[in-house]
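# Results of the structural survey
Next come the chains, spelled out residue by residue.
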Amino acid sequence: MHKTILVLSVPGICVKYCISINDICRLIEEAAILRQLCHKNIVGFRSFTRSADGTICLAMEDGGRSLMSSIEDRLEKGLGML
């Protein structure tokens, strides 16, 4: 039986998951939506591809920092959540 592997890659981290065909369909839909979005609060789409061995990769831009870090910085400065 062929297993499908999803690779999520963040600088310094690479996580692999075995996923179902339903997950793949949902991920394809998500990639199509992300490809169309352009907003300062949404991490940008870079690529959605499948390698020769069947590994699926959804590549997103590096946001540089987490949402929680941004919220904490704003709260420390008295600026509110966002």
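Let me begin by describing the structure that accompanies this report. (Residues numbered from 1 in each chain as written. Predicted model: local features only at pLDDT ≥ 70, side-chain atom pairs only at ≥ 80, totals over all residues. Heavy atoms only, no water.)

Given a rise of 1.5 Å per residue, 16 residues ought to cover 22 Å, and the 23 Å separating the end C-alpha atoms of helix α1 (residues 21–36) matches this to within 8%. Buried within α1 we find Ile24, Leu27, Ala31 and Leu34. Down the axis of α1, the buried side of the element spans an arc of 85°, and every buried residue falls inside it. Exposed and oriented more than 90 degrees from the buried face of α1 are Ile21, Asn22, Arg26, Glu29, Ile33 and Gln36. (Helix = DSSP H or I, 4+ residues; strand = E, 2+ residues; numbered from the N terminus. Expected span 1.5 Å × (residues − 1). Buried < 20%, exposed > 50% of the residue type's maximum accessible area, 1.4 Å probe, protein only. Arc of directions from axis to C-beta.)

Looking now at the pairing of strand β4 (residues 56–60). Where strand β3 (residues 45–50) meets β4, five bridges bridge the pair, whose relative direction is antiparallel. Paired with Phe48 across the bridge in β4 is Leu58. Adjacent in sequence and paired antiparallel, β3 and β4 are bridged by five residues, among which Gly54 carries a positive phi angle near 95°. (Pairing = 2+ DSSP bridges.)

Glancing now at the nonpolar core. In this structure, Ile19, Ile24, Leu27, Ala31, Leu34, Phe45, Ile56 and Leu58 together form the largest nonpolar core, which totals eight residues. Where this core is concerned, the elements lending two or more residues are α1 and β4. The biggest single contributor to this core is α1, with four residues. (Core = buried A, V, L, I, M, F, W, Y, C linked by side-chain atoms within 4.5 Å.)

Moving on: a nonpolar patch on the surface. A cluster of nonpolar side chains, Ile33, Leu37 and Ile42, forms an exposed patch at the surface whose accessible area comes to about 250 Å². Tracing the backbone through its elements, the reader meets Ile42 in the loop between α1 and β3. On the accessibility criterion, Ile42 (35% relative accessible area) is partly exposed. (Patch = residues over 30% accessible without salt bridge, like charges linked within 9 Å, V, L, I, M, F, W, Y side chains within 5 Å. Areas by Shrake-Rupley, 256 points an atom, 1.4 Å probe, with all protein chains shown as cover. Salt bridge = Lys/Arg side-chain N within 4 Å of Asp/Glu carboxyl O.)

Everything listed here is a matter of coordinates, which is why it stays silent on function.
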